[in-house]
Structures are given as structure tokens and as C-alpha cells.
Amino acid sequence: MASEAKLKANEKYLKEKVDTFQIRVPKGQKSIIQEYAKSLGKSLNSYVVELITSDMQSNNSNSHKS
């Protein structure tokens, strides 16, 4: 079990360094996505962030083309 100091340090880090948002998926879909991310050697969080970032970069590149 983590010490009180460690828990406080983690809480402080999360408040200062990261934003949190929640997504909803149909029942059972989370575990499917989680397993797929794991098969790629990634956490669910890193997989989702990577997909969003990649999509934004792709769409940003496409919007500059005429």
C-alpha cells in the first residue's frame, strides 16, 4: 500500500500536469479496446491519446491543402 505522502504527491502531480476527460463506449467495448491496445504494447490511455493526436495532425495537414 502506498504511503500517505506518495498518495498526496500523486494527487498533486495529476492536478498540476494532466487534464482528465471521460469517454463512454457501449458495454463490453472498453475491454475490447483495452485488449487491442495491450496487443500493441500500449495502455488504453496512450492508445486513445495517440489516435486523437494522429487524427488531428492528419486533418490539420489536409485542411492546408487547396
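Up top is the structure.
Everything quoted here is computed from the prediction, not taken from an experiment.

## What to know about the overall build of the protein chain
Step number 1: Secondary structure assignment for the protein chain yields three helices and zero strands.
Step number 2: Starting at the N terminus, the α and β elements of the protein chain follow one another as α-α-α.
Step number 3: Compactness check: the protein chain gives a C-alpha radius of gyration of 17 Å against a globular reference of 11 Å for 66 residues, more than 25% above the reference.
Step number 4: Counting across all 66 residues of the protein chain, residues that qualify as buried make up 3%.
Step number 5: Here the protein chain carries 11 positive and 7 negative side-chain charges, and the mean point of each set is 2 Å from the other.

## Concerning the packing of aromatic side chains
Here the distance between the centres and the angle between the planes together describe a pair of aromatic rings.
Step number 1: Evaluation of the coordinates by the stated rule reveals one aromatic pair.
Step number 2: A centroid spacing of 5.7 Å and a plane angle of 65 degrees characterise the contact between Y36 and Y47, whose relative ring orientation is edge-to-face. Residue Y36 is found in helix α2 (residues 29-39), and its partner Y47 is found in helix α3 (residues 44-63); the two are separated by 11 residues along the sequence.
Step number 3: The buried category is assigned to Y47, whose relative accessible area is 15%.

Quick notes on the rules
- Along each chain, the written sequence defines residue order, and numbers are assigned to residues from 1.
- At least 70 in pLDDT is required for a residue's local features to be given in this predicted model, at least 80 for side-chain atom pairs to be given and counted, and no such filter applies to totals for whole chains, interfaces and linings, which use all residues.
- Neither water nor hydrogens contribute to the side-chain values; these are computed over all heavy atoms in the structure.
- The way it works is that DSSP assigns letters per residue, a run of H or I at least four long becomes a helix, a run of E at least two long becomes a strand, and they are numbered from the N terminus.
- Radius of gyration here uses only the C-alpha atoms, and the compact-globule reference equals 2.2 Å multiplied by the residue count raised to the power 0.38.
- Categorising residues by exposure relies on relative accessible area from a 1.4 Å probe, with only protein chains included: less than 20% of the type maximum marks a residue as buried, more than 50% marks it as exposed, and the intermediate range marks it as partly exposed.
- In this tally, Asp and Glu contribute negative charge and Lys and Arg positive charge; neither His nor the terminal groups of the chain are included.
- The location of each charge is read from NZ of Lys, CZ of Arg, CG of Asp or CD of Glu.
- Any two of the Phe, Tyr and Trp rings considered here, Trp counted by its six-membered ring, make a pair once their centres fall within 6.5 Å; the pair's planes then place it as stacked at under 30 degrees, edge-to-face at over 60, or tilted in between.

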